[in-house]
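The lines below spell out each chain.
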Amino acid sequence: MINCQHFIIASLVAFGSASASANIKNYAANYEFSQWENSRSTPVQCSLKHDIPRYGQAIFTSRASKLINLDFELDMKRLPAQAEMASLRSVPPSWKPGSAAQDLADVKLYRQFTGYVSEQPAWRMLDALDSGDYPTFYFRDWYRGGEFISVGLSSVNFQNKYQEFLECVSNLLPYSLDDIAYSVLDFNTASDELTQKSQQRLAMISEFLQYSPDINVVVVDSYTGSYGDELQNLQTSSLRAENIKQYFLDSGLKNLEIETNGYGEKSQIASNSNIIERQKNQRVVISLGQPIL
């Protein structure tokens, strides 16, 4: 069953395009001012932006992750004053007469938050733009006394920037900050050398940090077992932590605030009854974050 708001929107769209409808206040870039920009293209994040004159900005973002992902944000100059349902439709522009508008999704706009669309509906928006259509939001605007408005994304000058965006997405790292924000590195038995798996993990952390200027604090905590001399274990843990710090510096991460702590025999996670258990206590823990202001 089609709800009343959806029926009204469908009726209005039937009489005009995203850029011209007699009964709706329209916001969309015209042919002359329609521009798209790849504002951030790194192996950690790809962003595709589009200004909507007098209204705000449309932003598509895909981030480094194990999973395919895409978020869309409608950054409005005037945030919604109350929660409102919006209809998102793919609307043909005026130069494509005879084409029908297609429903993409129903979107809830939350009070004092930017509009948000994720995953498949966001990809469908990109597909609509690639086909020359205008993904358009329709909703009642509190600032206009509850009258309907439309906010459209222009497909003019889109395709070249879209190809650049897809190239960026194809080169995103296959892991996210959540995957490496807290990492435990282990050592080979009776050695100061990290295991092969831990070396790979350390390289992943370093690569991610190369492209993440917003992460500028790294804490390196090092521990040993309680076998042998306590003071020697404390010194060993401090040296291992400093070696990890030097690895980051040698990788070119000069602007990081790197805190190192050698705790020696403190905070045991296993018994020291045999070599296997003692080995579990030989570890370095790396935490990534931002400074607390």
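Residues numbered from 1 in each chain as written. Predicted model: local features only at pLDDT ≥ 70, side-chain atom pairs only at ≥ 80, totals over all residues. Heavy atoms only, no water.

**Quick look at the packing of helix 5 (residues 196–210) against helix 6 (residues 230–250)**
Item 1. It is at 10 Å that the axes of helix 5 and helix 6 come closest, and there the two elements cross at 45 degrees. Taken as axis vectors, helix 5 and helix 6 run oblique relative to one another. In the packing of helix 5 onto helix 6, the handedness of the crossing is right-handed. Between helix 5, through Leu 202, Ala 203, Ile 205, Ser 206 and Leu 209, and helix 6, the contact on the second element is made entirely by Ile 244, Tyr 247 and Phe 248.
Item 2. A class-by-class count of the residues in the contact of helix 5 with helix 6 yields 7 nonpolar, 1 polar and no charged. (Axes fitted to C-alpha atoms, helices over the stretch in contact; angles between N-to-C directions. Helix = DSSP H or I, 4+ residues; strand = E, 2+ residues; numbered from the N terminus. Parallel < 35°, antiparallel > 145°, perpendicular 65-115°, else oblique. Left-handed = near helix turned anticlockwise from the far one by under 90°. Contact = heavy atoms within 4.5 Å. Nonpolar A, V, L, I, M, F, W, Y, C, P; charged D, E, K, R; others polar.)

**What about helix 6?**
Item 1. Along its 21 residues, helix 6 runs 30 Å from first to last C-alpha, staying within 8% of the 30 Å computed at 1.5 Å per residue.
Item 2. Those residues of helix 6 that fall on the buried side of the exposure criterion are Asn 233, Thr 236, Ser 237, Arg 240, Ala 241, Ile 244 and Phe 248. The arc that holds the buried residues of helix 6, viewed along the axis, is 130 degrees, so those residues lie on one side. Facing away from the buried side of helix 6, by more than 90 degrees, are the exposed residues Leu 231 and Asp 250.
Item 3. Looking at the buried side of helix 6, the elements it contacts are strand 11 (182–186), helix 5, strand 12 (217–223), strand 13 (257–262) and strand 14 (283–289).
Item 4. Following helix 6 by one or two positions, Gly 252 has its phi on the positive side, about 95 degrees. (Expected span 1.5 Å × (residues − 1). Buried < 20%, exposed > 50% of the residue type's maximum accessible area, 1.4 Å probe, protein only. Arc of directions from axis to C-beta.)

**Comments concerning the sheet that holds strand 2 (residues 36–41)**
Item 1. Strand order in the open sheet formed by 5 strands is 2-3-4-5-8, with antiparallel pairing between adjacent strands. Unpaired on one side and paired on the other, strand 2 and strand 8 (115–118) mark the two borders of the sheet. Strand-to-strand twist in this sheet, taken as the mean axis angle between neighbours without regard to direction, amounts to 20 degrees.
Item 2. For strand 4 (residues 56–63) and strand 5 (residues 71–76), the ladder comprises 6 bridges, and the chain directions are antiparallel. (Pairing = 2+ DSSP bridges.)

**Let's talk about the pairing of strand 4**
Item 1. Most of strand 4 is tucked away: 6 of the 8 residues are buried.
Item 2. Pairing of strand 3 (residues 45–52) with strand 4 involves 8 bridges; the strand directions are antiparallel. Note on strand 4: the bridge partner recorded for Gln 45 is Arg 63.
Item 3. The turn joining strand 3 and strand 4, which pair antiparallel and follow one another in sequence, is formed by 3 residues; a positive phi near 65 degrees is taken by Arg 54.

**Considering the side chain of Ser 62**
Item 1. Checked against the element boundaries, Ser 62 lands in strand 4.
Item 2. Overall, Ser 62 belongs to the buried group, its relative accessible area being 2%.
Item 3. In terms of polar contacts, Ser 62 uses its side chain to reach the backbone carbonyl oxygen of Asn 69, at 2.8 Å. (Polar contact = N/O pair within 3.5 Å; in protein donor to acceptor, adjacent residues only side chain to side chain.)

**Looking at the nonpolar core**
Item 1. Judged by nonpolar contacts, the single largest core of 33 residues is most densely connected at Phe 60, Phe 72, Phe 137 and Leu 153.
Item 2. Contacts of Leu 153, omitting those with residues within four sequence positions, involve Trp 36, His 50, Ile 52, Ala 58, Phe 60, Phe 72, Met 125, Leu 129, Asp 133, Tyr 134, Pro 135 and Phe 137.
Item 3. Counting residues in each nonpolar core, the second largest holds 24 residues, with Val 44, Leu 173, Val 220 and Ile 286 among its members. (Core = buried A, V, L, I, M, F, W, Y, C linked by side-chain atoms within 4.5 Å.)

**Some points on the layout of surface pockets**
Item 1. Volume-wise, the second largest pocket comes out at about 230 Å³.
Item 2. What lines the second largest pocket is a set of 13 residues, among which Val 44, Gln 45, Arg 63, Leu 177 and Phe 208 lie closest to the centre. (1 Å grid on protein atoms, 1.4 Å probe; cavity = no way out; pocket = protein on both sides within 12 Å on 5 of 7 lines; lining within 4 Å. Points joined across faces, edges and corners; volume = space filled by probe spheres on them.)

**Here's the deal with the confidence of the model for the chain**
Item 1. Mean pLDDT for the chain: 88, with 87% of residues reaching 70 or above.
Item 2. Confidence drops under pLDDT 50 across residues 14–21; counting only partners more than four residues distant or on other chains, this segment forms 15 contacts. (pLDDT = per-residue confidence, 0-100.)

**What about the sheet that holds strand 14?**
Item 1. Strand order in the open sheet made by the 4 strands is 11-14-12-13, with mixed pairing throughout. Only two strands of the sheet have a single partner each, and these edge strands are strand 11 and strand 13. The average angle at which neighbouring strand axes cross in this sheet is 15 degrees, direction not considered.
Item 2. Pairing geometry for strand 12 and strand 14, over 7 bridges, is antiparallel. Looking at the pairing, Asp 221 lines up with Val 285 of strand 14.
Item 3. Those strands touched by helix 5 are strand 11, strand 12 and strand 14, and its axis lies near 145 degrees from that of strand 11.
Item 4. Strand contacts of helix 6: strand 11, strand 12, strand 13 and strand 14, with the helix running at about 160 degrees to strand 13, the strand carrying the most contacts.

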